[in-house]
There are 4 protein chains.
Amino acid sequence: MTKNRIEAFSDGVFAIIITIMVLEFKIPHSSSIKELVHLLPIFISYLMSFVYVGIYWANHHHLLHTVEKVTSAIIWSNMGLLFFLSLIPFTTGWMGENHFDTIPVVVYAVNLLLSGVAFYILQNVIMSGITHRTKLIEALEKQKVKGIASIIIYSLAIPCAYFSTIVSAILFALVSIMWIIPDKNVEKALED
Amino acid sequence: MTKNRIEAFSDGVFAIIITIMVLEFKIPHSSSIKELVHLLPIFISYLMSFVYVGIYWANHHHLLHTVEKVTSAIIWSNMGLLFFLSLIPFTTGWMGENHFDTIPVVVYAVNLLLSGVAFYILQNVIMSGITHRTKLIEALEKQKVKGIASIIIYSLAIPCAYFSTIVSAILFALVSIMWIIPDKNVEKALED
Amino acid sequence: MTKNRIEAFSDGVFAIIITIMVLEFKIPHSSSIKELVHLLPIFISYLMSFVYVGIYWANHHHLLHTVEKVTSAIIWSNMGLLFFLSLIPFTTGWMGENHFDTIPVVVYAVNLLLSGVAFYILQNVIMSGITHRTKLIEALEKQKVKGIASIIIYSLAIPCAYFSTIVSAILFALVSIMWIIPDKNVEKALED
Amino acid sequence: MTKNRIEAFSDGVFAIIITIMVLEFKIPHSSSIKELVHLLPIFISYLMSFVYVGIYWANHHHLLHTVEKVTSAIIWSNMGLLFFLSLIPFTTGWMGENHFDTIPVVVYAVNLLLSGVAFYILQNVIMSGITHRTKLIEALEKQKVKGIASIIIYSLAIPCAYFSTIVSAILFALVSIMWIIPDKNVEKALED
């Protein structure tokens, strides 16, 4: 079954994206505790992106579960998602390194926005190819609202950053909380 | 079934190659938008190579699907392909870093050419070991013309770079468009 | 079966964590044997962490074996474990680079402690969802004592480091020996 | 079946080891062809190690195929092999960076020797746990001679490096040729 390979390849890319960000923690040459304090903004941005990539992985995991046949359209919309996610280590590092300055926060928000749009496209491509109905598919259909809400919130976070990057950060956190809270429909569908 | 492992290993290498290129985006220490502008040629070269590696992954995915028995010849011609693909992050970075200068573009074209030849060899090794006939195999046989066309276009891109690297870039883009457009025969074969 | 993907993703992260640490061995520009002597503390810290991550992988391997249904709680407590493990390359490198100085040793112990707690949580989340009884599950239940003992020893290693980092290092070694010695109950359970 | 995970984890580590070496090709800031000439020794050492890691992967692939039950002994002797292989990117880079100087060549030979010993141990651990007989197992038993021969040749390459590193390099090449030539017994066993 060819679905395994698109999952394996995506899992590899997800695993690398999530782990490669650690390389941004440049090892300090002094052993003072102050060095860790300096790394704090990088740590916070890493934690945020770890959670985001984790959310995408979990959703991708559920979504791919519904695929019946791997078509070229699925392969390439999946590649699109992975492309935007692969930029996250860079935008995360830039944001952390510059202590959540306006421009890097805007670029980070744009990165999340584009990833959100790419996921939405992948979801629609996959859903349009489905011929049967299962509880999981219905649960994921309902979850689309969440995807659209995320895209809107990311879009809001962009202008917000010009006034207050803290507001943008709160918006980012809001989206991740929205996704971490287990979706009852999906949970139920998986239980059956 | 041992085929799983050659797929898993290849998927790992593909995933790392495609993601390792992001490490070329050195994080700027200033938060100015100009920094991103400076990264533009690196970004373009990354996007190009991401698409190329993606194409190779998709074709590899279809090709391995037809393998019945993993022989030493398949293992080593697969290693050959992975070797040339593993040089892509380097040649991509060199080309981007030097704003598509002649020599790096030539070297990039040579890299793509050798990868194309390695894929062609792998395809022939796999096809020669096939004892049955399926629609997918027939579709991949027909696709060989595309492989040869790619090799010819890459070969043309090498001398072209000495006159105009833009022409070479157009030739690169041409090949990738040729591969991204879904192959009707393959699509049909996968649908059955 | 969706369990495969959480295993595949985790295996990817484990593999990258364990291998990324090698990047800390900065290649010396001279070919003198002295260069290797300078790298000795980094080598020792790498060896230690390699063994630790290896132990976590082996335990994770057994633990995931018992999962019946992948729930959101399992996904996120697994992410928690991977997050703390992903910091090990950094804390390892910092400790090695600074020749086992007090603060880096403390931070390393905290990292191991948090990883231990995260594993304990994951174990409880998984165990609470199990409806059947197998020998492996009973063996893993008994193994929880070992997990708690590890957490206590790591906690002791933190204050110890302020007096003697060698004592902390001995405590670290103690935990790893405790885990490498094959657990008779688990071995028997796997044999059946 | 738990064998899948030890294969998946090992495949991940193999894939990363083989690809991480490319990071040693530091991207030159000039676009002159001379830059590539300077990278030649690094390229040669990369090619050598790529082939070696490829050989280990292929042999590991066949060997794991014979495993019936994954025991702690298998897990830890596999970890031992992966540990020594994980040092190859470092020893390769050091050897290439210093144009095949005596000490780096000696260290590289020691690395290969220890990897060879670790593979031999893994092979014996796996073989001792086998209860049935297949053609593949018999073929791998016969192949042990090759493993011992490799260990002897690596041992010879160490003192040789003090007189002529070229002789050592020839010995390295000899071992890899010995392994790339398909083993008739293994090929036959796989065909059945």
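What you are looking at is a predicted structure, and each value in this text was computed from that prediction instead of being measured. (Residues numbered from 1 in each chain as written. Chains lettered and ligands numbered in written order. Predicted model: local features only at pLDDT ≥ 70, side-chain atom pairs only at ≥ 80, totals over all residues.)

1. With respect to the relation of the copies chain C and chain A
Next up, step 1: Mapping chain C onto chain A leaves a residual RMSD of 0.0 Å; the transformation is a rotation of 90 degrees accompanied by 0.0 Å of translation along its axis. Considering both components of the superposition, the chain copies are consistent with a four-fold axis. Taking C-alpha positions as the reference, the residue of chain C nearest the rotation axis is G12 of chain C, at 4.2 Å.
Next up, step 2: Each copy contacts the other with its own distinct surface, as only 11% of the interface residues of chain C are interface residues in chain A too. (Least-squares fit on C-alpha atoms with pLDDT ≥ 70 in both. Contact = placed C-beta atoms within 7 Å.)

2. Looking at the interface of chain C and chain A
Next up, step 1: In this assembly, 28 residues from chain C lie in contact with 29 residues from chain A.
Next up, step 2: Looking at the side of chain C that touches chain A, the elements with two or more residues in it are helix 1 (3–20), helix 4 (72–86), helix 5 (88–97) and helix 6 (102–128) of chain C.
Next up, step 3: Here the side of chain C that touches chain A takes eight residues from helix 1 of chain C, the largest share from any one element.
Next up, step 4: Class assignment of the residues belonging to the side of chain C that touches chain A gives a composition of 17 nonpolar, seven polar and four charged. (Helix = DSSP H or I, 4+ residues; strand = E, 2+ residues; numbered from the N terminus. Nonpolar A, V, L, I, M, F, W, Y, C, P; charged D, E, K, R; others polar.)

3. Here we look at the arrangement of the chains
Next up, step 1: Left apart from each other, chain B and chain C have a closest C-alpha approach of 8 Å.
Next up, step 2: Spatially, chain A is disjoint from chain D: no contact exists, and the shortest C-alpha separation is 8 Å.

4. Some words on the relation of the copies chain D and chain B
Next up, step 1: At an RMSD of 0.0 Å, chain D and chain B line up after a rotation of 90 degrees and a shift of 0.0 Å along the axis.
Next up, step 2: A share of only 10% of the interface residues of chain D reappears at the interface of chain B, consistent with the copies meeting through non-equivalent patches.

5. Quick look at the interface of chain D and chain B
Next up, step 1: Contacts between the two partners involve 29 residues from chain D and, on the opposite side, 28 residues from chain B.
Next up, step 2: Those elements that provide at least two residues to the side of chain D that touches chain B are helix 1 (3–20), helix 3 (40–65) and helix 9 (184–191) of chain D.
Next up, step 3: Top element by residues in the side of chain D that touches chain B is helix 1 of chain D. It accounts for nine residues.
Next up, step 4: Along the lines of polarity and charge, the residues of the side of chain D that touches chain B split into 17 nonpolar, eight polar and four charged.

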